[in-house]
Protein chains: 2
Amino acid sequence: MSVLIVGSLAYDDIKTPRADKKELLGGSAIYSSIAASMFTRVSIVGVVGGDFKEKDIKLLKSKKIDLSGLEIINNRKTFRWSGAYAEDMNERTTLFTKLNVFENFSPKIQASLKDSEYVFLGNINPELQLDVMKQINNPKIVVFDTMNLWINTSLKNLLKVMKLADVILINSEEVRMLSGGEKNLLKAGEILIRKGAKRLIIKKGEYGCAMITKDSVFMIPAYPVREVKDPTGAGDVFAGGFVGYLASVDNPCEENFRKALAYGTVLASFNVEDFSIERLKTLTKKEMEDRLESFRSMIQF
Amino acid sequence: MSVLIVGSLAYDDIKTPRADKKELLGGSAIYSSIAASMFTRVSIVGVVGGDFKEKDIKLLKSKKIDLSGLEIINNRKTFRWSGAYAEDMNERTTLFTKLNVFENFSPKIQASLKDSEYVFLGNINPELQLDVMKQINNPKIVVFDTMNLWINTSLKNLLKVMKLADVILINSEEVRMLSGGEKNLLKAGEILIRKGAKRLIIKKGEYGCAMITKDSVFMIPAYPVREVKDPTGAGDVFAGGFVGYLASVDNPCEENFRKALAYGTVLASFNVEDFSIERLKTLTKKEMEDRLESFRSMIQF
């Protein structure tokens, strides 16, 4: 099965303690689609400006990513974001956000994509996520990402998305917020399950992730990376790898959800080894499979 | 094989956001010996005052813990420590430390214990740890714990212990300090391996632990506990379970080191469910084995 991804396409300026890079290809739809393309065909629904580079279109097409749902607004500019990472590469500060074309983004799902069975909704306003869900006929798996901003400003819609979707991706801090302040992650996760979430993936960054349902708990550490060059997009690569693998096997059972999580983890570990999608661009299936096996052997007792 | 444990025996006053308890049995030798006693016979070398309670002696003896190496100084008092935990139970503040008999603790290993093959050196001055190691004839496995205080005040001796011992237990912050400021945990661990550590266990608290040697990396998350009542002693219980299991199988290979770590993790998860050693006191082998299997199934993909 193929994957439908709705999210941002952007150019990022990134500062790390060791480098200062400008106009890097970024955005949730870019990171997640390239990751998902390791497993299956992907269609992007998103918007860019007339300044979106031809070489980036070519790159996406070389990964067999369908861009028929990509809107290009010629007289405007592509979304731009800039962030700076602190010495330990975990904390980051947003230097600027220029929404540009993304400001009025209202995803329209064309007829040919309405039957998509595997869907990833990148981190956008929950109202838009709901709107996309209404346009899709009968998806098997909808995975969505969110952030603290929407917990604070669009809680009602966010909870609606959570009930309708199959998987919510959320970080430790957000799961605590959304649970109403519960400090214990497992209990916070269980509160969200009672509030209607079917499957919760809690991202703990360098400490790995946990996946919780009504009757299962799964946890894996992150794959240890020697040199993190740029953590930008790690969560989206993780999500793209997760949903891409699920779509490729097309049998959403606990075992496959777990394997999907492991692939997401491994792809994210490659992604942080270089800026933007540089590492994923050249990543081979064999490198990915080798690291998955090395990861498996690291956690087995 | 049996285990020799050298460390503190104490009475702790513990404040948590929900309780305030006084005169709780504590100290590294107490926590680690009760954990190790789940697997094998244990001998404690340590010191207490005349106020050490008869019921606590009885408790240790009921766990078949050999106290022939326990010195009792009748006219002085047992080591006392008090700590307060913050709301999230991770950060703690020391309220007071009264070394009492522990101030002049200089462990003497009696003849009958000099042939101990499995040894755990709790967190004491590295000079004393070295002194103990000199008194033991030909141990198979020496595991030692340390803390930031000794990195700052006794670095030279600490590095000597590290080279001589088989396993160093250390937390994330300490491994970074000891490596000379390397932020990346894997690289920091590798620096300590180059400095002479044979096997490094990095404790990451609620995020689990990693075990690193020259040619292997192993990582496991912590077992998720719904209600942490008192984290005191979790590291010592972990260490005791680890060395206790190793001694019981008496075949220190990578596979057994990993299983030992998993047992340590599981025992620590029980320990934090109640104050002091209350939960371990009544813990059965079956409960331990059941949780080990539940843990294994939580991390398998």
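Right above here is the structure, for reference.
Every value quoted in this text rests on a predicted model; they were computed, and no experiment measured them.

What counts and what doesn't
- Residues numbered from 1 in each chain as written.
- Chains lettered and ligands numbered in written order.
- Predicted model: local features only at pLDDT ≥ 70, side-chain atom pairs only at ≥ 80, totals over all residues.
- Heavy atoms only, no water.
- Salt bridge = Lys/Arg side-chain N within 4 Å of Asp/Glu carboxyl O.
- Buried < 20%, exposed > 50% of the residue type's maximum accessible area, 1.4 Å probe, protein only.
- Axes fitted to C-alpha atoms, helices over the stretch in contact; angles between N-to-C directions.
- Helix = DSSP H or I, 4+ residues; strand = E, 2+ residues; numbered from the N terminus.
- Parallel < 35°, antiparallel > 145°, perpendicular 65-115°, else oblique.
- Left-handed = near helix turned anticlockwise from the far one by under 90°.
- Contact = heavy atoms within 4.5 Å.
- Nonpolar A, V, L, I, M, F, W, Y, C, P; charged D, E, K, R; others polar.
- Buried area = accessible area lost by both parts, 1.4 Å probe.
- Polar contact = N/O pair within 3.5 Å; in protein donor to acceptor, adjacent residues only side chain to side chain.
- Pairing = 2+ DSSP bridges.

(A) Structural context of the pattern of salt bridges. For the coordinates displayed, the defined rule picks out 38 salt bridges over all chains. Close ionic contact of Lys22(A) with Asp20(A) constitutes a salt bridge, the shortest N to O distance being 3.9 Å. On the basis of relative accessible area, Asp20(A) is assigned to the partly exposed category, the value being 46%. Ionic pairing is found between Arg18(B) and Glu87(B), a salt bridge with its closest N-O pair at 3.3 Å.

(B) Region of the structure containing the packing of helix H9 (residues 254-271) of chain B against helix H11 (residues 285-298) of chain B. All names here are of chain B. One way to put it is that H9 packs onto H11 with a least axis distance of 10 Å and a crossing angle of 110 degrees. Relative to H11, the element H9 is oriented roughly perpendicular. For the crossing formed where H9 meets H11, the hand is right-handed. When H9 is examined against H11, the residues Lys259, Ala262, Tyr263, Thr265, Val266, Leu267, Ser269 and Phe270 are found in contact with a partner set consisting of Glu287, Met288, Glu289, Arg291, Leu292, Phe295 and Arg296. Taken together, the residues of the contact of H9 with H11 break down into eight nonpolar, two polar and five charged.

(C) Focus on the interface of chain A and chain B. Taken together, the 32 residues of chain A in the interface contact 32 residues of chain B. Carbon and sulfur atoms make up 61% of the area that chain A and chain B hide from each other, which totals about 3000 Å². It is Met219(A), Arg226(A) and Phe301(A) in chain A that bury the most area against chain B; as a group they hold 29% of the surface buried on that side. Viewed at the interface, chain B and chain A are joined by four salt bridges. Between Glu190(B) and Arg226(A) there is a salt bridge, and its shortest N-O distance comes to 2.2 Å. Run the count over chain A and chain B and you get 16 residue pairs in polar contact (both at pLDDT 80 or more). Broken down by secondary-structure element, the contributors of at least two residues to the side of chain A that touches chain B are helix H7 (185-194), strand S13 (216-220), helix H9 (254-271) and helix H11 (285-298) of chain A.

(D) Spatial organisation of the pairing of strand S1 (residues 3-6) of chain B. Residue and element names in this part refer to chain B. Side-chain alternation along S1 places Val3 and Ile5 on one buried face and Leu4 and Val6 on a second face that is also buried. Relative to strand S4 (residues 42-49), S1 runs parallel, the two sharing four bridges. Paired with valine 6 across the two strands is valine 45, which belongs to S4. Both S1 and strand S8 (residues 118-121) contribute to a ladder of four bridges, which runs parallel. Across the sheet, isoleucine 5 pairs through a bridge with phenylalanine 120, a residue of S8.

(E) Layout of the sheet that holds strand S6 (residues 79-85) of chain A. Residue and element names in this part refer to chain A. Taken in spatial order, the four strands line up as S3-S2-S6-S7 in an open sheet, and their pairing is mixed. The two strands at the open ends of the sheet, each matched to only one other strand, are strand S3 (19-26) and strand S7 (92-98). Sheet twist, expressed as the mean angle between neighbouring strand axes with direction ignored, is 15 degrees. Here strand S2 (residues 10-16) runs beside S3; their pairing, made up of six bridges, is antiparallel. In the sheet register, lysine 15 faces S3, and the bridge partner there is aspartate 20.

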